[in-house]
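Listed below, chain by chain, are the residues.
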Amino acid sequence: MITVVGEHAGREVVSFALAHGEDPVAGLGARGWDAQVEAVEGVLGDLTFRYAVVPLEGGSVNDPVGPEGPGLSRAERVHIVPHQRVAAYAVVVEQGRLLLTQLAPRTGAAGRWNLPGGGVDPGESPVEAVVREVAEETSQVVDDVRLIDVMTQHWVGRSARGLEDYHAVRVLHTARCARPTHPVVHDVGGSTSDARWVPLDDLSSVEVVASVPVALRAVGLA
C-alpha cells in the first residue's frame, strides 16, 4: 500500500491510500491542496509519500484517475486485472555525462534510452532499489541518493502482453557516482541491453523515453 500524506504549517492535514491509477498530486488536488513532494519513506508494501501542501486557490479540483481505456468493451474492462508497479530511477551525472540504459526488446520499447533503475522489490526502499538497479544495469556504484520527484502513469488498453490496466509509479532521484567506469550490463537477459555515459551535449543523438526530459528539467539540466 502507498499512503499519501500532506503536511501544512507543521501538521498533517490530509492522508489517503493511493488508489489504483491515481496520481498523488492529482489526488491531493482533488482534496483541495496544491502539493510538492518532500519525502518517500518505508519499503515496498508500506510506502508513504509525504508532500508539503497549501490550499488551492478557488478550490479547483484535478482528476485523480487515469484513462478509462477507450476502445475496450465493458466485458473486456471487467476482466482486466489491475497491476501497480513501483519503480525507482536516478539521474546520475558525472564529468558532464549522463548515465543511461538502453531498453531491451522484451520491454516493448527496444532501443530507446532510459535512466538506470527499475522495480522496487518487496521489503526494499526506493533508495535501496536505485543502488541495486544501477549496479545490475550498469556496474556503477552510486551513493548520495536524493529524492527529486514522483511520476505516475495510468494506462488501460491492449499491448503485446494482452489487455492491461497498468499503473506505473516512478520515484525519481539524483545519485552520485564517485568513480565512474565503463558501464557493463550485469543483468543479462533482463530489461537492459546496453548502458552508456552520454555527454549532456549529445543527448539529442539518442532516443530517450518520456520520463528522461522530465527528470532532467526537475534537476535543472533541461
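Residues numbered from 1 in each chain as written. Predicted model: local features only at pLDDT ≥ 70, side-chain atom pairs only at ≥ 80, totals over all residues. Heavy atoms only, no water.

In the nomenclature of an unreviewed UniProt entry, the protein chain is known as Nudix hydrolase domain-containing protein of Ornithinibacter aureus. Quoted verbatim from the Cofactor (unreviewed entry) field of the UniProt record, the comment on the protein chain reads "Mg(2+)". (UniProt positions renumbered as here; feature names shortened; annotations may be inferred.)

Visitor: Where do I start with the overall build of the protein chain in this structure?
Guide: What the protein chain contains, in helices and strands, is four helices and 11 strands. For the protein chain, with 222 residues in total, the buried portion stands at 43%. Sequence-distant contacts in the protein chain: of pairs separated by 6 or more residues, those separated by 24 or more amount to 67%. Looking at the protein chain as shown, the accessible area adds up to about 11,300 Å², and 50% of this sits on carbon and sulfur atoms. (Helix = DSSP H or I, 4+ residues; strand = E, 2+ residues; numbered from the N terminus. Buried < 20%, exposed > 50% of the residue type's maximum accessible area, 1.4 Å probe, protein only. Contact = heavy atoms within 4.5 Å. Areas by Shrake-Rupley, 256 points an atom, 1.4 Å probe, with all protein chains shown as cover.)

Visitor: Would you explain the packing of aromatic side chains in this entry?
Guide: The geometry of an aromatic ring pair is captured by the separation of the ring centres together with the interplanar angle, meaning the angle of the planes. Summed over the entire model, instances satisfying the criterion amount to zero aromatic pairs. In this structure, Arg-31 packs its charged tip against the face of Phe-16, placed 3.6 Å from the ring centre. (Phe/Tyr/Trp six-rings, centres within 6.5 Å; stacked < 30°, edge-to-face > 60°. Lys NZ or Arg CZ within 6 Å of the ring centre and 35° of its normal.)

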